[in-house]
Amino acid sequence: MKSYSLSEDENQRLAVLLEEVKHNTELFMGYPVSKDFDYTSLLPFLKYPMNNLGDPFVPSTYAVGSRALEKEVVEFFAELFRAEKDNWWGYVTNGGSEGNLYGLYLARELHPKGMVYYSEATHYSVQKNLHLLNMENITISTQTNGEMDYEDLENTIRMNRQLPVIIMANIGTTMTEARDDIGRIKAILKKLAIKHYYIHADGALSGSYSAFLEPRPAFDFADGADSIAISGHKFMGTPMPCGVVVVKKSNRDRIARSVAYIGSMDTTISGSRNGHSPLFLWYTIKKLGMEGLKQRALHCLDTARYAEEKLHEMGIPAWRNPNSITVNFPEPAAAIRKKWQLAAESGSSHIICMPNIGKNQIDQLLQEIRESQFELTT
Ligand SMILES: Cc1ncc(COP(=O)(O)O)c(C=O)c1O
């Protein structure tokens, strides 16, 4: 067969794109994505069409994949999230949004007439998921730190107490990294004598490291969650978006159905599933272990503390939720936001102190903010 290749011009375009990606990766501080990884030893796997079709726990006729490692990744998170022994199941998703969709899907299958409650600080993808699943829902107001307003939650559930309750709890909101307290939510359900309920925890960023914190936030299975989703590319760090969803096995069994074509169970959202992404998560889990991951979290917290303090020294009213790595402050000049890729909403912006961000980078950003303030006053 004739061999084909790219033209010089096309190769040049790739080279230019690579430089652009490198440059933009160095500078961003506003999105919760780790970039401190080196997966060079996994490069040989890119030669193969790895696909973990179907259920990771049920072998498939399609055998080019990483199911065994995917199962270990899920097991790692099930233990980290204190799932009940022998009653957990999950898979590596395409990202946190898919994990949240999965949690809501299970909740709907268990409680078809359920009402979903989620705070106004919830990630935008959740509303889309609710629309896709055609689930009735009510938005709950938030406190100023972005955490759910529990009084509003209680009053709203009371008005609809004939309906099963489905809660989408944020374990770290997108803008301020506020954690909804699953312990408090459970107490409200008990007070209102709600018998049928389901709690999904959206731990996109903070879910991966909250288990290492003291005091440990109320966010996992032992605290009352029925399912938890995280994004893999956030705290853990992977070159492509991915995530993990962990649910109770007994709930998953209710939706499982066997499919002859794949020789596996159809228990996941998509058919073909990325067989490479479990490799990256597995690699990081094995390389860092619990101790390494804990140190990673502590490093992020230390950087966040530093950034908050330095902003205060400059007279900028920065703030953080307890034990969080997101430092909130008034939106800086547009040129600075663009350069450092800082997201903003309603006049507020943030730095997310991911593991790769060092104090020198914080200093550099703050210097630019200082200069822009000086320009404004002169
Ligand atoms: C709180 C929260 N939930 C869900 C998501 C969606 O996760 P992903 O981008 O991995 O789909 C995000 C993304 O930033 C998020 O911040």
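Residues numbered from 1 in each chain as written. Predicted model: local features only at pLDDT ≥ 70, side-chain atom pairs only at ≥ 80, totals over all residues. Heavy atoms only, no water.

*Asks:* What exactly am I supposed to notice about the overall build of the chain here?
*Replies:* Assigned secondary structure in the chain consists of 10 helices and 12 strands. Expected size for 378 residues packed as a compact globule is a radius of gyration near 21 Å; at 22 Å, the chain falls within 12% of this value. Expressed along its principal axes, the backbone C-alpha trace of the chain runs to roughly 70 × 65 × 40 Å. Within the chain, the fraction of its 378 residues that count as buried is 52%. Long-range contacts, defined here as pairs at least 24 residues apart, represent 70% of the contacts in the chain between residues at least 6 apart. Total accessible area on the chain is roughly 18200 Å²; 54% of this is exposed by carbon and sulfur atoms. (Helix = DSSP H or I, 4+ residues; strand = E, 2+ residues; numbered from the N terminus. Rg over C-alpha atoms; globule rule 2.2 N^0.38 Å. Buried < 20%, exposed > 50% of the residue type's maximum accessible area, 1.4 Å probe, protein only. Contact = heavy atoms within 4.5 Å. Areas by Shrake-Rupley, 256 points an atom, 1.4 Å probe, with all protein chains shown as cover.)

*Asks:* Just checking my understanding: could you explain the domain arrangement of the chain for this structure?
*Replies:* Accessible area lost on assembly of the parts is the figure often given for the size of an interface. On domain assignment, one finds that the chain holds domain 1 (43-285) and domain 2 (290-377). Between domain 1 and domain 2, the contact holds 19 residues from the first and 23 residues from the second. Of the roughly 1800 Å² buried at the junction of domain 1 and domain 2 (both faces included), carbon and sulfur atoms supply 64%. Where domain 1 meets domain 2, there are 1 salt bridge. Among the salt bridges present, the one from Glu 214 reaches Lys 294, with a minimum N-O distance of 3.8 Å. Counting across the interface, domain 1 meets domain 2 through 9 residue pairs in polar contact (both at pLDDT 80 or more). Across the side of domain 1 that touches domain 2, the residue classes break down as 11 nonpolar, 4 polar and 4 charged. (Domains from an automatic or database assignment. Buried area = accessible area lost by both parts, 1.4 Å probe. Salt bridge = Lys/Arg side-chain N within 4 Å of Asp/Glu carboxyl O. Polar contact = N/O pair within 3.5 Å; in protein donor to acceptor, adjacent residues only side chain to side chain. Nonpolar A, V, L, I, M, F, W, Y, C, P; charged D, E, K, R; others polar.)

*Asks:* Which parts of the structure should I look at to understand the sheet that holds strand E12 (residues 348-352)?
*Replies:* Each strand in a sheet pairs with its neighbour through backbone hydrogen bonds, running either in the same direction (parallel) or in the opposite one (antiparallel). Taken together, 3 strands build an open sheet; the order of strands is E10-E12-E11 and the sheet is antiparallel. A strand with exactly one partner marks an edge of an open sheet, and here the two such strands are strand E10 (326-330) and strand E11 (344-345). By the bridge criterion, 5 bridges tie E10 to E12 in an arrangement that is antiparallel. Its bridge partner lying in E12, Pro 330 is registered against Ser 348. Contacts from helix H8 (residues 277-313) reach E10 and E12, with the element oriented near 20 degrees to E10. (Pairing = 2+ DSSP bridges. Axes fitted to C-alpha atoms, helices over the stretch in contact; angles between N-to-C directions.)

*Asks:* How should I be thinking about the nonpolar core in this particular structure?
*Replies:* Among the nonpolar cores identified, the biggest contains 74 residues, and Phe 77 and Ile 157 are the most heavily contacted of them. Split by domain, this core shows at least three residues from each of two domains, domain 1 (43-285) and domain 2 (290-377). For Phe 77, the residues in contact, after removing those within four places along its chain, are Ile 230, Met 236, Val 244, Val 246 and Ile 285. With 21 residues, the next largest nonpolar core counts Trp 89, Leu 110, Leu 133 and Val 247 among its residues. (Core = buried A, V, L, I, M, F, W, Y, C linked by side-chain atoms within 4.5 Å.)

*Asks:* Help me understand the site of the ligand, please; the structure alone is not making it clear to me.
*Replies:* Neighbouring the ligand are Gly 95, Gly 96, Ser 97, Asn 100, His 123, Gly 172, Thr 174, Asp 202, Ala 204, Ser 231, His 233 and Lys 234. The separation between an oxygen atom of the ligand and a polar side-chain atom of Ser 231 is 2.8 Å. Considering each element in turn, the shell around the ligand owes the most residues, 3 residues, to helix H3 (residues 96-110). Across the shell around the ligand, the residue classes tally to 1 nonpolar, 9 polar and 2 charged. (Near = heavy atom within 4 Å.)

*Asks:* Is there a simple way to think about the environment of Ala 343 in this case?
*Replies:* Mapping Ala 343 onto the fold places it in the loop between helix H9 (334-340) and E11. In this structure, the C-alpha to C-alpha distance between Ala 343 and Glu 75, residues 268 residues apart in sequence, is 34 Å. Residues in contact with Ala 343, not counting those within four places in the same chain, are Gly 30, Tyr 31, Met 175, Arg 337, Ser 348, Ser 349 and His 350.

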